[in-house]
Every structure is written in C-alpha cells, then in structure tokens.
Amino acid sequence: QVQLVESGGGLVQEGGSLRLSCESSGNIEVMSWFRQAPGKERKGFGCISSVDNSTWYEDSVKGRFTISRDSARNTVFLQLTSLKPEDTGVYSCAAAPPGPSCHTAPYATWGQGTQVTVSS
C-alpha cells in the first residue's frame, strides 16, 4: 500500500494563494483532495483521474482550485487561489485504484493532512 505525504500548507491572507503537494511512495492512481474545516466532517472537493487526467471540482472551489499531477515524481498538486476564510481547514489527499470516475472512487489510502489557514 502506498503512503501519501502532503506539504505546502500555511497561513495566508484572504485572496492569497498556496500550492499543496501530495507525494506518493508508489505510482499514483486516482487521487482526490479533501478538506476538514474546524468542527466539520471531512469533505472531498476535487479529484483527478488516472486515465486521462480529467478532473472534477465541487462548485465552491471551481475556478479557484486546480489539481494536477506529475507522474514522473509520483506527486499530485493542488493550486489554491483567491482563498477565502471559509477555505480554512486540514487538507488531505487520498488515493484509489483506477476506475471510471474519480468522483465516486473508493478512497482507502490517506495522507496525514496539512493545515491551511486563511485570515480575513
């Protein structure tokens, strides 16, 4: 089973940007990003497929967040722009076996998460 390690989190002002990384110890397949806001459940908001690099985003982040992959480095990236205070939370990546849709994939491998805090 692969291990995932996130990095790149931090404190940023509203409207700012961050780039998160998720490095895998093995080949990366279907990958997704999740966010757990303070006092709330973890929720997925974007993913990238392993077949054609197609992506899916939740409406709240569409146009502001971008997921990409570098297969040679076994790394998936999450570019965060136009950040809002409500984007604050622990961001985790997750991996799933290849499948038809990254949105409905069975994610079973998780990283430890990285904290993103957006100040107003």
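Before any of the text, the structure's been laid out above.
Below: a short report on this structure.

Reading the values: rules and limits
Residue numbers here run from 1 along each chain, matching the order of that chain's written sequence. Note on the predicted model: pLDDT of at least 70 is required for a residue's local features to be given, and 80 or more for side-chain atom pairs to be given and counted; whole-chain, interface and lining totals, by contrast, use all residues. Heavy atoms throughout the structure, all of them, feed into the side-chain values; hydrogens and water do not. Working definition: helices are DSSP H or I runs of at least four residues, strands are E runs of at least two. Numbering for both runs from the N terminus. Throughout, radius of gyration means the C-alpha value; the globule benchmark is 2.2 Å times the number of residues raised to the power 0.38. Burial classes follow relative accessibility: with a 1.4 Å probe on protein chains only, a residue under 20% of its type's maximum area counts as buried, one over 50% as exposed, and anything between as partly exposed. Residues count as neighbours in contact if any of their non-hydrogen atoms are within 4.5 Å of one another. Positive charges come from Lys and Arg, negative ones from Asp and Glu, while His and the chain ends are left out of the count. In plain terms, the charge of a residue is placed at NZ if it is Lys, CZ if Arg, CG if Asp and CD if Glu. The rule for pairing is simple: two strands pair if DSSP sees at least two bridges between them. Working definition of a nonpolar core: buried Ala, Val, Leu, Ile, Met, Phe, Trp, Tyr and Cys residues. They are joined through side-chain atoms within 4.5 Å. N or O atoms closer than or at 3.5 Å make up a polar contact, with two conditions inside protein: a donor-capable atom paired with an acceptor-capable one, and, for residues adjacent in sequence, both atoms drawn from side chains.

### Quick look at the overall build of the chain
Across its full length, the chain carries 0 helices and 11 strands. What you see in the chain, going N to C, is helices and strands ordered as β-β-β-β-β-β-β-β-β-β-β. Expected size for 120 residues packed as a compact globule is a radius of gyration near 14 Å; at 13 Å, the chain falls within 12% of this value. Taking the principal axes of its C-alpha atoms as reference, the chain extends roughly 40 × 25 × 25 Å. Across the 120 residues of the chain, 47% fall into the buried class. Look at the contacts in the chain between residues 6 or more apart in sequence, and 58% of them connect residues 24 or more apart. Treating the 10 positive side-chain charges of the chain as one cloud and the 11 negative ones as another, the clouds have centres 3 Å apart.

### Quick word on the pairing of strand S3 (residues 18–24)
With respect to burial, S3 is a largely interior element, 5 of its 7 residues being buried. Bridging between strand S1 (residues 4–7) and S3 involves 4 bridges; their strand directions are antiparallel. Counterpart to serine 7 in the pairing with S3 is serine 21. Here S3 runs beside strand S8 (residues 75–80); their pairing, made up of 6 bridges, is antiparallel. Paired with glutamate 23 across the strands is threonine 75, a residue of S8.

### Considering the nonpolar core
Judged by nonpolar contacts, the single largest core of 23 residues is most densely connected at Met31, Trp33, Phe65, Leu78, Leu80 and Tyr91. Within the residue set of this core, elements represented by two or more residues are S3, strand S4 (30–36), strand S5 (43–48), strand S7 (65–70), S8, strand S9 (89–96) and strand S11 (114–119). Those residues in contact with tyrosine 91 that lie beyond four places of it in its chain are Glu6, Leu20, Trp33, Phe34, Arg35, Phe45, Phe65, Leu78, Leu80, Gly113, Thr114 and Val116. One finds Phe34, Ala96, Cys102 and Tyr107 within the second-largest nonpolar core, a separate group that totals 8 residues.

### Points about unusual backbone geometry
One non-glycine residue with positive phi stands out, namely asparagine 53, at about 60 degrees. With respect to the helices, strands and loops of the structure, asparagine 53 is situated in the loop between S5 and strand S6 (55–57). Given the relative accessible area of 40%, asparagine 53 is considered partly exposed. The phi angle at serine 82 is positive, at roughly 50 degrees, despite the residue not being glycine. Looking at where serine 82 falls in the secondary structure, it is placed in the loop between S8 and S9.

### Regarding the side chain of arginine 64
Its place among the elements puts arginine 64 in the loop between S6 and S7. From its side chain, arginine 64 meets the backbone oxygen of serine 82 in a polar contact 3.0 Å long. The contact partners of arginine 64, leaving out residues within four places of it in the chain, are Gln79, Leu80, Thr81, Ser82, Leu83, Lys84 and Asp87.

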